[in-house]
Amino acid sequence: MSYQKRTALALAAAVAGSVVLITAPAAQASVVDVNYNCQTPIGAKSAVSPIDIKAVKSGSSYNVTMTFQKGVSSSPVALGAGAMNPSAVINLGGADKGTVAVKGPANTAEIPANTPIKISDLSGTYVPKANGKVTFTAGVLTIKALGTTTTCTASNSPGPSLELDVSGASGSGGTGGGGDPAALPKTGPLDSAVALGTLGGTVVLVGAAGVLWLTRRGRRA
C-alpha cells in the first residue's frame, strides 16, 4: 500500500474517532424518589421527594447541584425568613468512592407551621479522584432551624440520580503533563500518521487542507 493511501486511512480513522468522542453522552441523569425518614425534636416524620442531581465541569472539578422537587419534614411553629439552613451529602459510587458535601441558602420567605419544608437547591464541588463512570446518590439531609437539628435519611435505598463519565482525574495517573515516555509517538513516516490520530478533534479542524499537505509531502518523499 502506498504512503499516500496509508496516510489517508489513518486520517479517516482519526476523524471517525473524533466524531464518536463528540457525540458520546458524558452524563445520564434521572429524577429519583427518595423516602426521607426525619428525626425531629418533636418526633419522627417522613416524606417523599423527587431528587435531581446535576454536575457541570469547571476546570478539573465539577459544580454539583442537588434539587428537591417536594418539601420534606415540617415544623410545629412557623419558621421566619432566614431561620432554616439546609445541607446534605451525596454518596459517590462506581469508579469513585466517598461523599460530596452540598449546602444551600437559608429560606427567604416564612415557612408556615405544619407544612412541608421546601429545601432550596443545594450546591457543592466534586473533585474526581478516579476515571470512569461515577454515580451520585442522595445521602443524609440535615436541617438546622431555631437552634435545633433535624436529620433525614433515605429509607428506600434510592438509586443514583446521576451517572457521570469522568476522565482526566488527578488521582488516577491521569493524562496530563509529561505522560508515559514509552507512549509518545515515534517519528517515522507511518508513525507520523498515527501521531496525528492521537490529536482527536484537532485533526477534524485540519480537514481537506491537512490531506492535501500530507499527500504533497508523500510525493516529495
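Heads up: the structure comes first, above all this text.
Cut-off values and rules
Position numbers for residues start from 1 in each chain and track the written sequence from start to end. It should be noted that, the model being predicted, local features are given only for residues of pLDDT at least 70 and side-chain atom pairs only at 80 or more, the latter also being counted only at that level, while totals for whole chains, interfaces and linings use all residues. Only hydrogens and water are removed before side-chain values are computed, so all heavy atoms of the structure are retained for them. The term disulfide is used for any two cysteine sulfur atoms that are within 2.5 Å. Where helices and strands are cited, they refer to DSSP runs of H or I of at least four residues and of E of at least two residues respectively, numbered from the N terminus. The pairing criterion is simple: DSSP has to find at least two bridges between the two strands. Throughout, a contact is declared for two residues whenever any of their heavy atoms are within 4.5 Å. Note on classification: 1.4 Å probe, protein chains only; a residue is buried when its accessible area is under 20% of the maximum for its type, exposed when over 50%, partly exposed between these limits. The salt bridge definition used is simple: a Lys or Arg side-chain nitrogen within 4 Å of an Asp or Glu carboxyl oxygen. To qualify as a nonpolar core, a set must consist of buried Ala, Val, Leu, Ile, Met, Phe, Trp, Tyr and Cys residues joined through side-chain atoms within 4.5 Å.

1. Observations regarding the state of the cysteines
Line of reasoning, step 1. For the structure shown, the criterion picks out one disulfide.
Line of reasoning, step 2. Each sulfur of the disulfide joining cysteine 38 and cysteine 152 lies 2.1 Å from the other. For the disulfide bridge between cysteine 38 and cysteine 152, the dihedral angle about the S-S bond is near 110 degrees, and by the sign convention the bridge is right-handed. Of this pair, cysteine 38 sits in strand β2 (residues 32–40) while cysteine 152 sits in strand β9 (residues 148–154), and the two are 114 residues apart along the sequence.

2. Topic: the pairing of strand β6 (residues 98–103)
Line of reasoning, step 1. Bridge count for strand β5 (residues 84–94) against β6 is six bridges, and the pairing is antiparallel. Residue pairing in the sheet places isoleucine 90 in a bridge with valine 100 of β6.
Line of reasoning, step 2. With antiparallel pairing between neighbouring strands as the criterion, β5 and β6 make up a hairpin whose turn holds three residues.

3. Overview of the side chain of threonine 40
Line of reasoning, step 1. Following the sequence through the fold, threonine 40 ends up in strand β2.
Line of reasoning, step 2. Excluding residues that lie within four positions of it along the chain, threonine 40 makes contacts with Lys45, Ser73 and Thr150.

4. What to know about the environment of glycine 98
Line of reasoning, step 1. Residue placement: glycine 98 occurs in strand β6.
Line of reasoning, step 2. Put simply, glycine 98 and lysine 129 are 31 residues apart on the chain and 9.9 Å apart in space, counted from C-alpha to C-alpha.
Line of reasoning, step 3. In this view, glycine 98 contacts Ile90, Asn91 and Leu92; residues no more than four positions away in its chain are not counted.

5. Topic: unusual backbone geometry
Leave glycine aside and you will find that most residues have negative phi; peptide bonds, for their part, are mostly trans.
Line of reasoning, step 1. The phi torsion at asparagine 114 lies on the positive side, around 60 degrees, for a residue other than glycine.
Line of reasoning, step 2. Accessibility expressed as a relative area gives 57% for asparagine 114, which makes it exposed.
Line of reasoning, step 3. Of note, leucine 146 is a non-glycine position whose phi angle comes to about 50 degrees, a positive value.
Line of reasoning, step 4. Residue placement: leucine 146 occurs in the loop between β8 (132–145) and β9.

6. What to know about the pattern of salt bridges
Line of reasoning, step 1. The final tally for this structure, using the stated rule, is one salt bridge.
Line of reasoning, step 2. A salt bridge links lysine 54 to aspartate 52; the nearest nitrogen and oxygen atoms lie 2.3 Å apart.
Line of reasoning, step 3. Residue class for lysine 54 comes out partly exposed when judged on its relative accessible area of 49%.
Line of reasoning, step 4. You can call aspartate 52 buried: its relative accessible area is 11%.

7. Some words on the nonpolar core
Line of reasoning, step 1. Tyr36, Met66, Ile119, Tyr126, Phe136 and Leu141 are the most contacted members of the largest nonpolar core, which totals 35 residues.
Line of reasoning, step 2. Those elements that place two or more of their residues in this core are β2, β3 (43–58), β4 (61–68), β5, β6, β7 (122–126), β8 and β10 (162–166).
Line of reasoning, step 3. For this core, the element with the most residues is β8, which contributes six residues.
Line of reasoning, step 4. With residues near it in sequence (within four places) discarded, isoleucine 119 still touches Phe68, Val72, Met84, Pro86, Leu141 and Ile143.

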